[in-house]
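Fold and contact review
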Amino acid sequence: MSSEPVDAESKVSGNQANIPARIRRELGIDDGDKLRWHLEEDGSIRVQVVQQRSGTFADFDGYDGVEETDATTDHDAWGVETE
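Residues numbered from 1 in each chain as written. Predicted model: local features only at pLDDT ≥ 70, side-chain atom pairs only at ≥ 80, totals over all residues. Heavy atoms only, no water.

The protein is annotated in an unreviewed UniProt entry as AbrB/MazE/SpoVT family DNA-binding domain-containing protein from Haloferax namakaokahaiae.

**Examining the overall build of the protein**
Within the protein, the secondary structure is distributed over two helices and four strands. When the helices and strands of the protein are placed in sequence order, the string is β-β-α-β-β-α. Expressed as a percentage of the 83 residues in the protein, the buried residues total 2%. Approximately 8,600 Å² of the protein is accessible, and the part contributed by carbon and sulfur atoms is 47%. (Helix = DSSP H or I, 4+ residues; strand = E, 2+ residues; numbered from the N terminus. Buried < 20%, exposed > 50% of the residue type's maximum accessible area, 1.4 Å probe, protein only. Areas by Shrake-Rupley, 256 points an atom, 1.4 Å probe, with all protein chains shown as cover.)

**Focus on the environment of Ile-45**
With respect to the helices and strands, the residue Ile-45 is situated in strand E4 (residues 45–50). Ignoring any residue separated from it by four or fewer positions in sequence, one finds Ile-45 in contact with Trp-37, His-38 and Leu-39. (Contact = heavy atoms within 4.5 Å.)

**Observations regarding the UniProt feature "domain: SpoVT-AbrB" (unreviewed entry) in the protein**
Cross-referencing UniProt, the feature "domain: SpoVT-AbrB" (unreviewed entry) maps to residues 19–48 in the present numbering. For the annotated span residues 19–48, helix accounts for 23% and strand for 33% of the residues, and the straight-line distance between the end C-alpha atoms is 13 Å. (UniProt positions renumbered as here; feature names shortened; annotations may be inferred.)

**A few points about the pairing of strand E3 (residues 34–39)**
Across the six residues that make up E3, only a small minority, zero, are buried. Across six bridges, E3 lies against E4 in antiparallel orientation. If you follow His-38 over to E4, its bridge partner there is Arg-46. Taking the residues that link successive antiparallel strands as the turn, the E3-E4 hairpin has five residues, and the phi of Gly-43 there is positive, at about 90°. (Pairing = 2+ DSSP bridges.)

**Regarding a nonpolar patch on the surface**
Where nonpolar side chains cluster on the molecular surface, the patch consists of Trp-37, Leu-39, Ile-45 and Val-47 and spans about 480 Å² of accessible area. Secondary structure elements with two or more residues in the nonpolar patch: E3 and E4. Relative to the helices and strands, Leu-39 is located in strand E3. Taking relative accessible area as the criterion, Leu-39 reaches 71% and is therefore assigned exposed. (Patch = residues over 30% accessible without salt bridge, like charges linked within 9 Å, V, L, I, M, F, W, Y side chains within 5 Å. Salt bridge = Lys/Arg side-chain N within 4 Å of Asp/Glu carboxyl O.)

Next comes the structure, spelled out in structure tokens:
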């Protein structure tokens, strides 16, 4: 066993292990997030946190352009014929 200091510890119960609260807070792990496990050649484990994204616009960072638009005339009237 390594003599390195331990950040946190948890106990395995069945096939599950809890992630200590301090580690969850530090890494921003929330319900629904996934953990990807990687077994390294030296026998150590690397875990990657994959944050859950939800909602239609989860990946949308917003419009950062300089062109001004008018939603009423440029977008809302699509498909509506004017006389």
